[in-house]
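Below are the chains, spelled out letter by letter.
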Amino acid sequence: MENTVTAGSPRVGEPGCAIGIASLPNLRDLGGWPTADGGRVRAGLFYRSVDLSRLADADLDAFGALNIRTIYDLRTVAERDQAPDRLPDGAVYVSLDVLADAMRSAPATLTDVLADPALATKLLSNGRAVTMFEGAYRQIVASDSARAAYRQLYLELADPACRPALVHCLTGKDRTGWAAAALLLVLGVPDELVRADYLLTNAQLLPALQPKFDAFAARGGDPELLMPVFGVREQYLNAAIDEMHHRYGTIDDYFTTALGLTDTLVATLRAAFIER
């Protein structure tokens, strides 16, 4: 496969293609992406998704067929209490609160924004939403709670007993977006393909959120204000990567210095996730 980025959502069988479980938009396998040295990320080991409170009865069998052993929930305590995950039989649930040190961070305040169009206008108009999310992504890289959460995530992913695994937050785009992007980067997937996977959220999630846009409009809000909130933008991921480079250096330095993982652990991740 050539290292090119195609427009739109990928077809079935291509890296980043949506898994057809209607109640879980933005569910996809991290496998299939080529690495710069000629390898390929193994399929069937690591999935990303929206939160599993949305999982419908009709989709339980299809989701169970993924044979996921470990669910990593990156949401806050309040988010988890409001919408607990539905877990497949036998799956281990692990809570990793990325935003424990940043409770007013943008990804943790979506419910407040949706409920109050006046607040949304105040907080999100005139480019403020983009600035807010850029700052949130820097916190996702640098805060103590985020580094502790991602350390445990990757430490456990190196253990075959924890795989296949799934990681999610609320909508599977910000905290989950960094979890996926950092792993793909350390595995050697080229930057442009990491960004391609990240940006797939716009095609795979936003259509499913149309009722939220409609409800916001019915309350007198401008749905366009929500686009940078419910979607993703390349500058968000760029902010995270810039913060990583500024504070720690390379992606390998992020894993070893920021997360405190050993070179051996990183090598174990690569051996487990890359096929040649």
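As the structure is a computational prediction, the values presented were derived from the model and not from experiment.

Visitor: Teacher, can you tell me more about the overall build of the chain here?
Guide: Each helix and strand in the chain was counted, giving 13 helices and seven strands. At 18 Å, the chain has a C-alpha radius of gyration in line with the 19 Å of a compact globule built from 276 residues. If you line up the chain on its principal axes, its C-alpha atoms span 55 × 45 × 35 Å. Buried positions account for 54% of the 276 residues belonging to the chain. When the 26 basic and 35 acidic side-chain charges of the chain are each reduced to a single mean position, those positions are 1 Å apart.

Visitor: Would you explain the sheet that holds strand β1 (residues 28-29) in this entry?
Guide: Whether parallel or antiparallel, the strands of a sheet pair through hydrogen bonds between backbone atoms. If you walk across this open sheet you meet the five strands as β1-β3-β6-β4-β5, and the pairing is mixed. Every other strand in the sheet has two partners, leaving β1 and β5 (92-95) as the edge strands with one partner each. Both strand β3 (residues 46-49) and strand β6 (residues 165-168) contribute to a ladder of four bridges, which runs parallel. Considered in β6, the bridge of Ser49 is made with His168. Contacting β3, β4 (70-73), β5 and β6, helix α6 (residues 144-157) runs over the sheet at an angle of about 165° to β4.

Visitor: Please explain helix α7 (residues 175-186) as it appears in this structure.
Guide: Between its terminal C-alpha atoms α7 stretches 17 Å, which fits the 16 Å expected from 12 residues at 1.5 Å a residue. Taken as a whole, α7 has its buried residues at Arg175, Thr176, Gly177, Trp178, Ala179, Ala180, Ala181, Ala182, Leu183, Leu184, Leu185 and Val186.

Visitor: Would you mind showing me how to read the packing of α7 against helix α11 (residues 234-247) here?
Guide: To describe two helices that pack against each other, one gives the angle between their axes and the distance between the axes. As a packed pair, α7 and α11 sit with axes 11 Å apart at the nearest point and diverge in direction by 55°. Taken together, the axis directions place α7 and α11 in an arrangement best described as oblique. Remark: the crossing between α7 and α11 carries right-handed chirality. Between α7 and α11, the contacting residues are Trp178, Ala181 and Leu185 on the first element and Leu237, Ala240, Ile241 and Met244 on the second. Along the lines of polarity and charge, the residues of the contact of α7 with α11 split into seven nonpolar, no polar and no charged.

Visitor: Can you walk me through unusual backbone geometry in this structure?
Guide: For residues other than glycine, phi is negative in most cases, and the peptide bonds are mostly trans. The step from Arg163 to Pro164 runs through a cis peptide bond, and the omega angle for that step is 0°. Residue placement: Pro164 occurs in the loop between α6 and β6. The backbone phi angle of Asn67 is positive, close to 60°, even though this residue is not glycine. Using a relative accessible area of 53% as the deciding quantity, one classes Asn67 as exposed.

Visitor: Just checking my understanding: could you explain the nonpolar core for this structure?
Guide: Looking at soluble globular proteins, one finds that nonpolar side chains tend to be buried together. Grouped together as the largest cluster of nonpolar side chains are 91 residues, with contacts concentrated most on Phe63, Tyr150, Tyr154, Trp178, Tyr254 and Phe255. Once residues lying within four places of it in the same chain are set aside, the contact partners of Trp178 are Ile140, Val141, Tyr150, Tyr154, Leu237, Ala240, Ile241, Met244 and Tyr254.

Visitor: Which parts of the structure should I look at to understand the pattern of salt bridges?
Guide: Pairs can form between side chains of opposite charge once their charged atoms are near each other. A complete count under the given rule lists 17 salt bridges for this structure. Overlapping salt bridges bring together Asp51, Arg54, Asp73, Arg75 and Asp85 as one network.

Parameters at a glance
Residues numbered from 1 in each chain as written. Predicted model: local features only at pLDDT ≥ 70, side-chain atom pairs only at ≥ 80, totals over all residues. Heavy atoms only, no water. Helix = DSSP H or I, 4+ residues; strand = E, 2+ residues; numbered from the N terminus. Rg over C-alpha atoms; globule rule 2.2 N^0.38 Å. Buried < 20%, exposed > 50% of the residue type's maximum accessible area, 1.4 Å probe, protein only. Lys, Arg positive; Asp, Glu negative; His and termini not counted. Charge placed at Lys NZ, Arg CZ, Asp CG, Glu CD. Pairing = 2+ DSSP bridges. Contact = heavy atoms within 4.5 Å. Axes fitted to C-alpha atoms, helices over the stretch in contact; angles between N-to-C directions. Expected span 1.5 Å × (residues − 1). Parallel < 35°, antiparallel > 145°, perpendicular 65-115°, else oblique. Left-handed = near helix turned anticlockwise from the far one by under 90°. Nonpolar A, V, L, I, M, F, W, Y, C, P; charged D, E, K, R; others polar. Core = buried A, V, L, I, M, F, W, Y, C linked by side-chain atoms within 4.5 Å. Salt bridge = Lys/Arg side-chain N within 4 Å of Asp/Glu carboxyl O.

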